[in-house]
Amino acid sequence: FIKPLPSGHVNTFFQFTTKWQYSEKENLHHTHLAPRSIAEIFYVYSLRELHVSLTNVLWRYESWGYPVIDAAPGAEVWAWFAQEEQNTPEKIDEQWRKLVATLSGLLCASLGFIDDTNTVQPHYTIRPQFYASAPLNSTYVRYSTLPHEVVCTENLTPWKKLLPCGHSEGFLSLLNSNHIHSTNYHSLGIHVRQLNPGKGTGKLLEIKQTVNLVYDQILLGGQDWSVRKLFGQGLSGSCPLAESSKIYLDVTHSQQFDFTPSPEVTVTSKRGGIETSFAVYDIKKEIPGRMFNLAAVRKPDAKPAVALVSPPPLYAKRYILGVGQERGRIVTKVINTHWAELNVIVQENIPWFVPVYLHTLSLKLPNGQQIKPAAVKYIPGQQRRRAYHLEVAFRLPARTTVEMSIHFDYIFLKWQEYPPDANHGHYLGSAIVAAQLPVARNYTGVPVDGSLFVDSFNASRPGYYVQIRTESLLLTLPVPDFSMPYNVICLACTVVALAFGPIHNMSTKRIVIVVKEAPKSIWTTIREKVGFGGKGTKAVEGKENQSHEKSE
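Scoring rules and cut-offs
Residues numbered from 1 in each chain as written. Predicted model: local features only at pLDDT ≥ 70, side-chain atom pairs only at ≥ 80, totals over all residues. Heavy atoms only, no water. Helix = DSSP H or I, 4+ residues; strand = E, 2+ residues; numbered from the N terminus. Buried < 20%, exposed > 50% of the residue type's maximum accessible area, 1.4 Å probe, protein only. Contact = heavy atoms within 4.5 Å. Areas by Shrake-Rupley, 256 points an atom, 1.4 Å probe, with all protein chains shown as cover. Axes fitted to C-alpha atoms, helices over the stretch in contact; angles between N-to-C directions. Parallel < 35°, antiparallel > 145°, perpendicular 65-115°, else oblique. Nonpolar A, V, L, I, M, F, W, Y, C, P; charged D, E, K, R; others polar. Pairing = 2+ DSSP bridges. UniProt positions renumbered as here; feature names shortened; annotations may be inferred. Salt bridge = Lys/Arg side-chain N within 4 Å of Asp/Glu carboxyl O. Phe/Tyr/Trp six-rings, centres within 6.5 Å; stacked < 30°, edge-to-face > 60°. Polar contact = N/O pair within 3.5 Å; in protein donor to acceptor, adjacent residues only side chain to side chain. Patch = residues over 30% accessible without salt bridge, like charges linked within 9 Å, V, L, I, M, F, W, Y side chains within 5 Å. Core = buried A, V, L, I, M, F, W, Y, C linked by side-chain atoms within 4.5 Å. Disulfide = S-S within 2.5 Å. 1 Å grid on protein atoms, 1.4 Å probe; cavity = no way out; pocket = protein on both sides within 12 Å on 5 of 7 lines; lining within 4 Å. Points joined across faces, edges and corners; volume = space filled by probe spheres on them.

Going by what an unreviewed UniProt entry lists, the protein chain is known as Putative gpi transamidase complex and is assigned to Lutzomyia longipalpis.

Caption draft 1: Expanded view of the overall build of the protein chain. When its secondary structure is counted, the protein chain shows nine helices and 25 strands. Seen through its principal axes, the protein chain has C-alpha atoms that stretch 150 × 65 × 60 Å. Out of the 552 residues belonging to the protein chain, those deemed buried represent 47%. Looking at the protein chain alone, contacts between residues at least 24 apart form 76% of all its contacts between residues at least 6 apart. For the protein chain, the exposed area adds up to about 29,300 Å²; of that, 55% sits on carbon and sulfur atoms.

Caption draft 2: Seen up close, the packing of helix α1 (residues 36-44) against helix α3 (residues 89-107). Orientation of α1 relative to α3, taken along the N-to-C sense of each, is 170°, at an axis distance of 11 Å. Here α1 is positioned roughly antiparallel relative to α3, judged by the angle of their axes. Residues S37, I38, I41 and V44 of α1 touch α3, and the partners they reach there are Q95, L99, T102, L103 and L106. Along the lines of polarity and charge, the residues of the contact of α1 with α3 split into six nonpolar, three polar and no charged.

Caption draft 3: Quick look at helix α4 (residues 153-161). Taken as a whole, α4 has its buried residues at N155, L156, P158, W159 and K160. On the buried face of α4, the contacting elements are β2 (9-22), β3 (47-56), α3, α5 (177-180), β7 (185-195) and β8 (203-216).

Caption draft 4: How the structure looks around the sheet that holds strand β24 (residues 464-469). Spatial ordering of the open sheet is given by β19-β20-β17-β23-β24, a layout of five strands whose pairing is antiparallel. Two strands lie at the open edges of the sheet, namely β19 (375-379) and β24, each paired on one side alone. Taken over all neighbouring pairs, the strand axes of this sheet differ in orientation by 15° on average, direction set aside. Summarising the sheet, β19 and strand β20 (residues 388-396) pair through five bridges and their orientation is antiparallel. Paired with I379 across the strands is H389, a residue of β20.

Caption draft 5: View of the UniProt feature "transmembrane region" (unreviewed entry) in the protein chain. Taking the UniProt record as the reference, the feature "transmembrane region" (unreviewed entry) is found at residues 484-503. The span residues 484-503 is 100% helical and 0% strand by assignment, and the distance between its end C-alpha atoms comes to 29 Å.

Caption draft 6: Examining the pattern of salt bridges more closely. Within the structure shown, the criterion is met by 15 salt bridges. Across the pair R469 and E76 runs a salt bridge, and its minimum N-O distance is 2.9 Å. Of this pair, R469 sits in strand β24 while E76 sits in strand β4 (residues 74-81); the two residues are 393 residues apart in sequence, bridging distant segments of the chain. Neither R469 nor E76 differs from the other in exposure class; each is buried. Salt bridges linked by common partners bring D70, E76 and R469 together as one network.

Caption draft 7: Representation of the packing of aromatic side chains in the model. Scanning the entire structure with this criterion turns up 22 aromatic pairs. With centroids separated by 5.1 Å and ring planes inclined at 80°, the aromatic side chains of W59 and W64 adopt a geometry described as edge-to-face. Grouping residues by exposure puts W59 and W64 together as buried. On the basis of an interplanar angle of 80° and a centroid distance of 5.2 Å, the ring pair of W59 and Y185 is categorised as edge-to-face. Taken together, the positions of W59 in the loop between β3 and α2 (61-64) and Y185 in strand β7 put the pair 126 residues apart, joining distant regions of the chain. Note on Y185: relative accessible area 0%, which makes it buried.

Caption draft 8: Here's a closer look at the side chain of R193. As for its position among the elements, R193 is in strand β7. By relative accessible area, R193 is classed as buried at 6%. Of the polar contacts made by the side chain of R193, one reaches the backbone oxygen of Q129; its length is 2.7 Å. A polar contact is formed between the side chain of R193 and the backbone oxygen of V448, at a distance of 2.9 Å. Non-local contacts of R193, meaning those with residues more than four positions away in its chain, are made with F42, R48, E49, Q129, L204, L205, E206, V448, G450 and S451.

Caption draft 9: Representation of the sheet that holds strand β14 (residues 295-298). Taken in spatial order, the three strands of this open sheet run β9-β14-β11, and their pairing is antiparallel. For this open sheet the edge positions go to β9 (225-226) and β11 (257-260), each flanked by a neighbour on one side alone. Where β9 lies against β14, two bridges are found, and the strand directions are antiparallel. From the neighbouring strand, W225 faces β14, where its bridge partner is A296.

Caption draft 10: Inspection of a nonpolar patch on the surface at higher detail. Where nonpolar side chains cluster on the molecular surface, the patch consists of I522, I526 and V530 and spans about 310 Å² of accessible area. In this fold, V530 is placed in helix α8 (residues 522-530).

Caption draft 11: Region of the structure containing the nonpolar core. Core analysis: the biggest nonpolar cluster contains 78 residues, and L99 and W159 have the highest contact counts within it. No other element matches α3, which puts seven residues into this core. In contact with W159, other than residues within four places in its own chain, are F16, L172, L175, L188, G189, I190, Q209, T210 and V211. Grouped together as the second largest cluster of nonpolar side chains are 52 residues, W352, V392, F394 and Y443 included.

Caption draft 12: Here's a closer look at the state of the cysteines. The final tally for this structure, using the stated rule, is one disulfide. Disulfide pairing places C165 opposite C239 at an S-S distance of 1.3 Å. In this pair, C165 sits in the loop between α4 and α5 while C239 sits in the loop between α6 (227-231) and β10 (246-250), placing the two residues 74 residues apart along the sequence. Given a relative accessible area of 10%, C239 falls into the buried group. Here C108 stays unpaired: no disulfide links it, and the sulfur of C152, its closest cysteine neighbor, is 8.7 Å away. Residue C152 is classed as partly exposed on the basis of its relative accessible area, which comes to 27%.

Caption draft 13: Examining empty space enclosed by the protein more closely. Summed over all chains, the structure comprises three cavities of 30 Å³ or more. When its volume is computed, the largest cavity comes out at roughly 60 Å³. At the level of elements, β7 and β8 are the ones that each hand at least two residues to the lining of the largest cavity. Split by residue class, the lining of the largest cavity holds four nonpolar, six polar and one charged.

In structure tokens, the structure reads:
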């Protein structure tokens, strides 16, 4: 899926969907095209749904609209466990710890840092995307984030190996690390759920692997773009194991561009009162061995135009207020641009080292009027044991902004609990703003009952559930003087060096008495230099004595 954005960016979204239908008695020796590692994870840990995302940079909702699949900056993991009798809360906690450790090794990510101190059980925000025979509650769901996790090639390579086709086949050949990690936004995702297709047909495991990228057209050299410019090469064909391999290009607001090659089919989708046009390119019908390059070139007679960015019906901003290192406020602004009021749920997952106070929670309109929340779910945190979890549901009036704030204290940590770059600060994970939108403006998500992107065409519903991730916050806690141990070490080493030198000399050297001769006078020294004294004088006297003896 390719969509030129009004802000001058190009959004490309890849989705690889694999389905495996199996029976209750079937083993995991052969999983067809589905990766065996994912199938084993679902079987061993009794999962019904799993979502893993590794994202760099925040998605700009105000300028780019809504993504197909939303993800928080950093690493984000949540899972639904099977509703079974043996799955007690203690058992699920144990399975959750083992699950994130397994995913850490599978994706070469630091998911092993997820533990009870940063895991919560969402009650309203996270909805299941599978069919449940009985009502579910938050006992069977776990959610956690690592906002400081960095996405790199080490994560992309194992992600590729989960697909049935090789690295140089189909759309997978376009995912080159040199062109992915240089984008304005990139996100890797794995979304798995267990479905029941019908009675007597067993179960269906649906695995979606997604890549979401946003390119800046200015960095590409202008408003013209092509597949070769975006990914460094063309598309050599489709994966031989794929049943469907298509490119959907959003041409709703691209009347000033010519596309080569021309699309064979143009589809118009009416969804939620919004009409969208898509150009469809079937890669299966392309000539094998021929390089496919989709390009968009601005028409010569096109007049200069200023793009008007229409904001989505709902978006949010988040920041920290406060002066000094004693108290502060976490503020989340939720903006409603729709003409009707919306039911909104805001979830906060706050670390244990940021103690918040529920009595300071406030929902305020721009005119200062307070809003009473419809429901509040609050679980206080415990130091070094549990995070603070807050979910607030309220009605957001039409065309207005609600400021939700809560106060917190700055606390001191143990010196071993600070990161290596302590002065950089600590990260707070993104908040989630969930709502049911009445219109599908700037909405491109796939419905829950669909699997492929084409299932979103003409898929009008009474409402469109959307989740918005806010910014990750950087909090600077009071930092002790870490140079003090260095100063102590230097002082101790200096004292030891000064004390060790004399002691070592006294214990290893011998004292020897040396007899000193009487100092010579200046006259004697001159005579010795000239030759009138010393050995020369004695030699002359010896010769005179010898001559005197001979004469006698």
